[in-house]
Each structure stands twice: as C-alpha cells, then as structure tokens.
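Listed here are the chains, written in short residue letters.
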Amino acid sequence: MAVSMKDLDPAFQGAGQKAGLEIWRIENFKPVAVPQSSHGKFFTGDSYVILKTTALKSGALRYDIHYWLGKDTSQDEAGTAAIKTVELDAALGGRAVQYREVQGHETEKFLSYFKPCIIPQEGGVASGFKHAEAEEHQTRLFMCRGKHVVHVTEVPFARSSLNHDDIFILDTKSKIFQFNGSNSSIQERAKALEVVQYIKDTYHDGKCEIASIEDGKMMADAESGEFWGLFGGFAPLPRKAASQDKTLEPQPTKLYSVEKGKAEPVEVESLVRELLDTNKCYVLDCGTELLVWTGRATSLDYRKSASEAAEALLRDLDRPKCHITRVIEGFETVVFRSKFESWPTTTTATVAEDGRGKVAALLKRQGLNVRGLVKAAPAKEEPQPHIDCTGNLQVWRVNGSEKTLLAAADQTKFYSGDCYIFQYSYPGEEKEEILIGTWFGKQSVEEDRDSAIAQASKMVESFKYVPCQARFYEGKEPIQLHAIFQSFIVFKGGLSEGYKKYVAEKEIPDDTYSVESTALFRVQGYGPENMQAIQVEAAASSLNSSYCYILHNDSTVYTWSGNLTTAEDQELVERQLDLIKPDIQSKPQKEGSESDHFWELLGGKTEYSSQKIAKDTESDPHLFSCSFTKGTLKVTEIYNFTQDDLMTEDIFILDCHSEIFVWVGEEVKNKGNALAIGEKFIESDFLFENLSREVPIYVATEGNEPPFFTRFFTWDSAKTAMQGNSFQRKLAIVKNGGAPVQTKPKRRTPVYSSGRSGSSVPEKSQRSRSMTFSPDRVRVRGRSPAFNALAATFESQNARNLSQPPPVVRKLFPKSAPSESAANVASRSAAIAALTSTFEKAPTVRIMPKSIKASKEAPKPKAESDSQENAMSDRIESLTIQEDVKEGDTEDDEGLPTYPYERLIVGSEDPVTEMDVTKRETYLSSEDFKQKFGMTKDAFYKLPKWKQNKLKMALQLF
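Residues numbered from 1 in each chain as written. Predicted model: local features only at pLDDT ≥ 70, side-chain atom pairs only at ≥ 80, totals over all residues. Heavy atoms only, no water.

As a further point, take the pattern of salt bridges. One pass over the structure, following the stated rule, counts 36 salt bridges. One salt bridge in this structure joins glutamate 214 and arginine 189, with 3.1 Å as the shortest N-O distance. With glutamate 214 in strand S10 (residues 209-214) and arginine 189 in helix H3 (residues 186-203), this pair connects stretches of sequence that are 25 residues apart. With relative accessibility at 13%, the residue arginine 189 sits in the buried group. The partner of lysine 919 in a salt bridge is glutamate 921, and the shortest N-O contact between them spans 3.8 Å. (Salt bridge = Lys/Arg side-chain N within 4 Å of Asp/Glu carboxyl O. Helix = DSSP H or I, 4+ residues; strand = E, 2+ residues; numbered from the N terminus. Buried < 20%, exposed > 50% of the residue type's maximum accessible area, 1.4 Å probe, protein only.)

Moving on to the side chain of glutamine 576. Position of glutamine 576 among the secondary structure elements: in helix H11 (residues 567-580). We classify glutamine 576 as buried; its relative accessible area is 0%. In terms of polar contacts, glutamine 576 uses its side chain to reach the side chain of serine 487, at 3.5 Å. Look past the residues within four positions of glutamine 576 in its chain and what remains in contact with it is Ser487, Phe488, Ile489, Val523, Met531, Gln532, Ala533 and Ile550. (Polar contact = N/O pair within 3.5 Å; in protein donor to acceptor, adjacent residues only side chain to side chain. Contact = heavy atoms within 4.5 Å.)

A word on the confidence of the model for the chain. A residue-level look at the chain finds 77% of positions with pLDDT of 70 or above and a mean pLDDT of 81. The low-confidence segment residues 368-379 (pLDDT under 50) makes 12 contacts with residues lying over four places distant or belonging to another chain. (pLDDT = per-residue confidence, 0-100.)

Time to look at the packing of aromatic side chains. In the structure shown here, the tally under the stated rule is 59 aromatic pairs. The ring of tyrosine 203 is capped by arginine 140, whose NZ or CZ atom sits 5.0 Å from the centre of that ring. Taking NZ or CZ as reference, lysine 612 lies 4.7 Å from the ring centre of tyrosine 547, over its face. (Phe/Tyr/Trp six-rings, centres within 6.5 Å; stacked < 30°, edge-to-face > 60°. Lys NZ or Arg CZ within 6 Å of the ring centre and 35° of its normal.)

Counting buried positions along strand S15 (residues 323-328) yields six of six residues, so the element is predominantly enclosed. A two-sided burial pattern is seen for S15, the buried positions comprising His323, Thr325 and Val327 on one face and Ile324, Arg326 and Ile328 on the other. Note that strand S5 (residues 97-102) and S15 share two bridges and pair antiparallel. Looking at the pairing, tyrosine 99 lines up with threonine 325 of S15. In terms of strand pairing, strand S14 (residues 289-294) meets S15 through six bridges, oriented parallel. Note that in S15 the partner of threonine 294 across the bridge is isoleucine 328. In this view, the connection linking S14 to its parallel neighbour S15 by way of helix H5 (residues 300-316) has right-handed handedness. (Pairing = 2+ DSSP bridges. Right-handed = clockwise from strand over helix to strand, strands pointing away.)

Between its first and last C-alpha atoms helix H1 (residues 75-91) spans 25 Å; for 17 residues at 1.5 Å apiece the expected length is 24 Å, and the two agree. Burial analysis of H1 places 13 of its 17 residues in the buried class, the great majority of the element. Directly after H1, the chain includes glycine 93, whose backbone phi takes a positive value near 100°. (Expected span 1.5 Å × (residues − 1).)

Turning to the sheet that holds strand S2 (residues 30-33), a few remarks are in order. Strand order in the open sheet formed by 10 strands is S2-S1-S3-S4-S5-S15-S14-S13-S11-S12, and the pairing between neighbours is mixed. The outermost strands of the open sheet, each flanked by one partner alone, are S2 and strand S12 (262-266). For this sheet, the mean angle separating the axes of adjacent strands, direction not counted, is 25°. As paired strands, strand S11 (residues 254-259) and strand S13 (residues 281-285) are joined by four bridges and run antiparallel to one another. Considered in S13, the bridge of leucine 255 is made with leucine 284. (Axes fitted to C-alpha atoms, helices over the stretch in contact; angles between N-to-C directions.)

Right, let's get into the sheet that holds strand S7 (residues 151-155). If you trace the five strands from one edge of the open sheet to the other, you get S7-S6-S8-S9-S10, paired in mixed fashion. The two strands at the open ends of the sheet, each matched to only one other strand, are S7 and S10. Pairwise comparison of adjacent strand axes, ignoring direction, gives a mean angle of 25° for this sheet. Note that strand S9 (residues 175-180) and S10 share six bridges and pair parallel. Paired with phenylalanine 177 across the two strands is alanine 211, which belongs to S10. Along the sheet, helix H4 (residues 222-229) contacts strand S8 (167-171), S9 and S10; its crossing angle with S9, the most-contacted strand, is approximately 95°.

Moving on, we come to helix H10 (residues 497-506). For H10, the complete set of buried residues consists of Gly498, Tyr499 and Val503. Buried residues in H10, looked at end-on, bunch into an arc of 135°, giving them a common side. Away from the buried face of H10 by more than 90 degrees, exposed residues Lys501, Ala504 and Glu505 are located. Close packing links the buried residues of H10 with strand S16 (392-399) and helix H8 (446-462). Among the residues trailing H10, glutamate 507 stands out with phi positive, at a value near 55°. (Arc of directions from axis to C-beta.)

Turning to the environment of valine 662, a few remarks are in order. Note that valine 662 resides in strand S31 (residues 660-664). In this structure valine 662 comes out as buried when scored by relative accessible area, which is 1%. Each C-alpha atom of the pair valine 662 and isoleucine 677 lies 7.9 Å from the other, and the pair is 15 residues apart in sequence. Sequence-distant contacts of valine 662, defined by excluding residues within four places in its chain, comprise Ile651, Phe652, Ile653, Ala674, Gly678, Ile697, Tyr698, Val699 and Ala700.

On to empty space enclosed by the protein. A full pass over the atoms with the stated rule returns five cavities of 30 Å³ or more. Counted as a void, the second largest cavity has a volume near 230 Å³. Contributing to the lining of the second largest cavity are 16 residues, with Gln643, Asp644, Leu646, Lys719 and Arg729 lying nearest its centre. The leading source of residues in the lining of the second largest cavity is helix H16 (residues 726-735), at four residues. Here the lining of the second largest cavity is built from residues that sort into seven nonpolar, four polar and five charged. (1 Å grid on protein atoms, 1.4 Å probe; cavity = no way out; pocket = protein on both sides within 12 Å on 5 of 7 lines; lining within 4 Å. Points joined across faces, edges and corners; volume = space filled by probe spheres on them. Nonpolar A, V, L, I, M, F, W, Y, C, P; charged D, E, K, R; others polar.)

Omega for the peptide link from lysine 115 to proline 116 comes to 5°, which places this bond in the cis form. Within the fold, proline 116 resides in the loop between helix H2 (108-111) and strand S6 (140-145). A positive phi angle is found at tyrosine 465, which is not glycine, with a value near 65°. Mapped onto the elements, tyrosine 465 comes out in the loop between H8 and strand S21 (468-473). Positive phi, close to 70°, is recorded for histidine 657, a residue that is not glycine. You can see histidine 657 is positioned in the loop between strand S30 (651-655) and S31. Relative accessible area serves as the criterion here: at 18%, histidine 657 is assigned to the buried category.

Most of strand S22 (residues 487-491) sits inside the fold, with five of its five residues counted as buried. Two strands pair when backbone bridges link them, and S22 and strand S24 (residues 530-536) are joined in this way by four bridges, in the parallel orientation. For valine 490, the partnering residue across the bridge sits in S24 and is isoleucine 534.

Another aspect to go through is the nonpolar core. By size, the foremost hydrophobic cluster in this structure holds 56 residues, and its most contacted members are Phe485, Phe521 and Leu654. For this core, the element with the most residues is H11, which contributes five residues. Excluding residues within four positions of it along the chain, phenylalanine 521 makes contact with Ile489, Val490, Phe491, Tyr513, Ala533, Ile534, Gln535, Cys548, Tyr549, Ile550, His552 and Ile580. In this structure, Phe440, Ala452, Val460 and Ile682 belong to the second largest nonpolar core, which totals 33 residues. (Core = buried A, V, L, I, M, F, W, Y, C linked by side-chain atoms within 4.5 Å.)

At a closest axis distance of 8 Å, the pairing of H3 and H16 adopts a crossing angle of 15°. Taken together, the axes of H3 and H16 are roughly parallel relative to one another. In this structure, H3 meets H16 at a crossing whose hand is left-handed. In this structure, H3 uses Ile186, Arg189, Ala190, Leu193, Glu194, Val196, Gln197 and Lys200 to contact H16, whose residues at the interface are Ser726, Phe727, Lys730, Leu731 and Val734. When the residues that make up the contact of H3 with H16 are grouped by side-chain class, the tally is seven nonpolar, two polar and four charged. (Parallel < 35°, antiparallel > 145°, perpendicular 65-115°, else oblique. Left-handed = near helix turned anticlockwise from the far one by under 90°.)

In structure tokens, the structure reads:
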C-alpha cells in the first residue's frame, strides 16, 4: 500500500519509534497528544487513540492500536477515532493490530496497560472538563469485576446497586470499604484490593483506613455496622445481580466482503485461508466480536471504508458494545487464525540469504576467498543458564520399574536408547534449591519413559513438591542441563532391558556404542563448561561444515574441522577427545584436505550440509492462567504480566516457545497434575506457534521458583513468604502500606532417601563445578579474592579456558595448541607469586552448612591446621579435580630429563612425547621451576594437593 504523507495526520509523525505508550485525544476531530503524566485518565465524553509499542526479542517492534470510546462521546468523534486509527496504522507501515474499546467493555489487553484499573471521569473536551479532584471529596460506589484485570464501573450510591456476585468499593472521605459478594471468587477479591490501593494513593494521598466487609456477616462487627449504616441500615440483597447490558452469545461465524463501503455476506461451506483476496477487505462476525481482515494490496481509502462498514454492521445488528479487531494480511492474530479450519504455516526465512550462505560454503570448501559474499552475522550474546553450577549431581539410569545410580565418571555419558533421572541440588539466594529431571533418549521405549516420569514424580512428592521438576528430550535439552552437566556425551544404542527387548522384538541391529566400533561424534557447545559430543551415523552425509567431529575405530582417531568452524569449536574437540578416546593420538583433518582412509571409514565421500542445526530460540514470554477439568484444558492469557498476577489458588503456564514453565500455587490441591497440564498445553498449541511436543517442561511450586523462572519477572521473594489465600495476603499488604508482610518461616530442604542401603543423604558428585551467571568473567563458588584476581589475569578471549579441565588421564601424546607469548607468561608468573603469598596467611574460620559434606580425599599434610581444613575443604572440593594420590607423587624425581616450559604446557606445538602428563612440572629444571612457580620444588610439594593443582592449572601444566 503506497501512502502519501499528505494522507497522514501530522500528530502521528514520529510515533512508534520506541517501546511504550502514546495516547491522543480527539479534539475538534483532530488527534491531540496526551502528556505522559495524564496517561490512564479518561473522560466519559471523549474518544482516544492509544498506541502500544512493544520491543520484541528479535529486535522488531510490535504495534497494537486501540481507540477508546467514552459512554458519552458523540458518534462523530467515535467515527473520527476509528478513521485516525487506520491512518496511524498506515504511518507505522500497515502491520498493527487495531482494537475498538468501549467504556465498561474494554479488552483485558487494553486494561493491562493501566494496571490496576482505569476510572473514567465525567465530562469531556466539549464540556470543558469537570475536574472532580479539585472539588470536595464525594462518596462514590464502584463495582469491580474481573479475575485477572479489573473492570471498574461507578454505580449509584444505593443499597440496590449491591449484589452477591460482584465486589463493591465504597470510597468515603475517611475510609475505603471493600464489600465482597458471597458468590465472588478469592482471586476477584484480591484483584479488587489493588483498586482499593489505587484509590487510596490517588484520591487520599495514601492516608485513609481500609475495611473489608464480607457479604452475609450483617452486623457481626463494628466495621460491618459502619458500612451498612452508610446505606441506612442492613437489608437483604437480591439473589441475582441486575443485568446492565445485553449479554453477547457466541454465534456461528459469518464472513462478509466489503464492497462499495458495505459488508456483503459471503456464502461458504467452510472457512479456509484461500477465501481471502489480498486486494480486498473482509469482516468476520463471531457474535462476541467482529474481526476485520485487510489485504496487503488494499488502498488507504478502502481500509477506511472497511472500518466504517464494520461500525455500520454493529449498528445494524444492535451490538454497540461489541469489540472490533482489525488485522493486516501477514500479521493475523491467534484468535483470527483459530476461526479457520486450515491456516498455512508461515516462515520468516529469507530465501536469498540462505542461498548466498550455501554458495559461500561451497566456494570456501574449494579454497576460495568468500569475504564479502555473505553479510556478517550480528554478534550474538552467549545464552546464560541462570543457575548456580557448583551444586551436587546424581544420575540414575531407568531400567523398567527400577533405577540404577551411575558412578560419578559415568554421569555425563548418556545412551540414546535409555531414559535417565537426575537430581541436582545447588545453593540459591536464600536456601538450597533442587532440580529433579528426566531425560528421554530418541531411541528409548515408552515403558521406560513412563517409568522415569513416575519415579521422578515420586521423588518430587517425597520432597513435598519443593524441587523444580523438569522433563527433557534428546536434542531439545535447554542450556540449564548443559550447564549442570558441563560435558555431555550421547552414545547410540542403549543398556536398559527395555531397549534390548525392543531391538530383539523388532529384529533390528543393535547399534549400541563400543570403543572398538567405528563411531562419529558431532562436537558442539559454547565453551569448556558447556560442551556436547553427540554420536551420529558414521557416514559422510552426517558431516556439517559448521561443526567439528571426532571419528574413530578400534585403532585410529580422526578430528575433522568444518570450514565454518572457529578456533573455539576446535578447542572443544580436544577436550572431548580426553573423554571419548584418550589413549590414541588423533589425526587432524581439515575440510577439503581429508585422507582417503578418513572417507573409507565413513563409507565414501558424499554431499553434506553447511548450515547450523536450527534450535528453538526463546521468544517473548506469554503467561496463561489454566484450569484442567475432565481432561479439558482451558487457558486465559495474562497480558503485561507481573508477579502479582500469579495467584496462589491457580496454575499458570509461562510459554517461552523454547521452554514451558508450569507454576503451581501453594493453595492448589492436586499438584501432581502439573506436568500433565504442561504436556496438554504443548499438545493444544494455543498460540499456533508450532510447539514441538519435545519442548522442555519445568514445574515449579510457589515459594520454590528457580532463578531461570524468576528472571522473567521483577521478583520479590517476600511475597511468596506470606501465608493465606490471595485475598488475605493482598489485604495484609494493603493494610501494611503496600509492603509484603512475611508470615511464613523460611523452609529447610527436606532430606530425601534414595533407597540405597546405609545412606539417606545423596552422595556428592566429585566433579569440579563453576558458577555461570555472568558472561563477563569466570565465577567459581568459594574462590578467594586473590584467586579471583588471578583468574582475571588469565582470562582472554583467545586464551584456552582451563577453569574446567578434562579428567586427568595418563596420555602419551598430548594435543596441539598455540604456545603462549612471553608477556602472558610473565603476567601469569607475577599473578602466581601474589597468589602464593596468600597461602601463607591464616585463613578465616567459617562454619559451613551441615548439608555440605567433605570429600573423602587423601589426608592433608600435618602442617595444615584443623581451622584451615574446616574453613576451606568444603568449598575447594567443588573447585578441584579429585584424583587418586599414589605414594611418591610428591617426590622430586631425580634423574628425569628436563625440557623447556613451552614444550611441557598443555597444547604445546612441540610437545614432549614421552612423559607422565600428570606430572608435567617435574620435567622443569630447578631454575625454570622457581621462575614459574615462585618457589622451589620441595616447597611446592609441601603444599596441599588442591593448591598444587591451582598453580598447575594457572600455568597450563594441568
């Protein structure tokens, strides 16, 4: 649609340039901007145009335009507001959704912009605006309706206005009364209290008393007597609320085509997308609302006539309060699409750019320079897990109705044919947090999946629903799981009886991984603390130019680097080799220069992809209130949500597209249904977003929300520490001046019995862990300030991150990596000297929590005092690699050959081929050793093992 600037009102110039609200009032048939200080103030005699601009995660801006019609506005002003809405949409590029709002019948989306409510004032521009706030305070009675947002309507101050179904607020000069109809819900009463707080702050400067009156108590207390006295005394109320407006009932959907400014019926058997012509406008009558569809090729005048036709249709149908929603082709709402039997899936992929990328990858394989052929991809921030990764991990493999605890060395090695349960406890802000999850391999059987869910749910129940429960599928794992496991390997096949039985029954070959077989692994991840190796089909078609791979058989190991990979990607391969095939020297292969034997292992050379494997990305979150009865799930979206929208009596779902959160209020009776509700939500796909059935699901109960859930809110943990139902909590807050009152003691994490004989406390994992909250620096729980300073010295975007080295293995052939510069070595030596000096200081004694157990490692030297052990051992355990200590490891081995430092470091370009890689420092000469470590070998070996490891890690000798 081509639009001339002369067709657009000057008042709309510059609109929608940033996120927020913009409001215009219609004055003399022209839009006039309303200052921000007056946003939320509406006059009953006026019409308004409201623009809501939302910044999406994709970087785009979304526009919603509403035109609000006061009950006393003129028809001409209302028509002007409707036309100006179409003009504003044209000024924004013709992609906004437009809504008609009538006073007292506003959409929940509109009211969510002005929480907790809007209270229109009498008057308008034509009457010179009556300023009620400047007059003497008048006693007013308001009726409140709504569970999620509140519709507030002023009613006559009379007993006859009251009823049992609604909530009423009586605003007097010295006190505000809230009258709760006996048939009103707890949630409605709680929401109405937000209106009470608004009236108190707006009209009483926050200084007046609050009273809650329960319907049916009559004269039971002084406040009830005072309330009824204002109405002339108590009298029975009518059983039914008087209906003020004609209720709109759902009707069969009818389609109209806008022809010459009129809505003409279109006779169709069923509604399908193909009926809509891009050169036309249509009206869809759904009974409770009208939906106007505008083709992209239509003119501005045609769009204006379609708007007028919809207004005229409402008058003809005698539905003046009905909503009208206008959508543009290509930007249809979920509600509009849901009215059609079929709606094609749209894609946002740019075909041209995709083609350019494929050509670039092909030319790069051929060794040609492709600089400038493809656009530089925008810098992407590394996703953050928002979870402390210094906790304790236990993993079980599911085998039918039983589960088998895995040893620490096998915790990160999963099989695609199996199902697993993991329990991860970690320190939270105020208490220990627990995450209990299930992982389903792609080849796992349904019996094991059902058993895994049942056993994990039983574990959560035994904790009294304190842990957060999760359900993950292979290939759809969230970053939280990868951050917890840090190094994650998925092998083909399975070890469970269920998988073996399935393979035998189907008479298919068992492809379970073995170290002697030919196997191909795709390596991926963000760094040493988040890396994965996934076994794929050992065929050339499994390769991808955007990844690195490990290929091995019983006697040969190849590493393959695609032309689109980075040095960081290749570094991950080196680390994964230490876990998959540590005892054989690898042979590096670059894409385009592979050996014949490499292709022979893959069964010959074939075409393969160059595009990164698409992953579900986190979209803008949507919050839904849920009710689940008789197998039917009903949801209501909560717009512009906050923590206060989470009611303790209800279940809510937070949909982020890449993951689903089910929040369960404390007052919910059957908490065990939460996971089933989440799965039903995914199956229903209410947002038409093509949700994968395997999207991760989290279930969190009130008061136990994990940080990766609360990050979507401005979270106040004091609100979840209150007792009582939603109304009782809100009343306590209102009477306390708006601040939450903590009425619930802080909980202690209950002890879970894993069922293993002789132990009721989960065995602590012996793996090193690091904090991963901040992308700016390495954060490791328990580090001293001196060590933090040391870590900062070593950190570099180009330097190898060894904060989480692979397990120590005696290897004869270390891998290659660039050697360090002299400046870096000098900088590190100085930092080590500063660190070493702190070892001589007496540490501060700390009393550690009882839940943290010290590891059973080798005894420390006698020189270590008991206070040092108590203060440091628990913390350091989570930072150091645990290993078996043999006699003689700390001796200064005489007669060993010495080598230059550059040949001894991990990843040296010219490595020493025959040495004990666990004792690299022993091959330094005494002079080099003292220069690097700032002490003699004798002094070094008198240090505790954890201090030795820290220094060796810092110098890349570990």
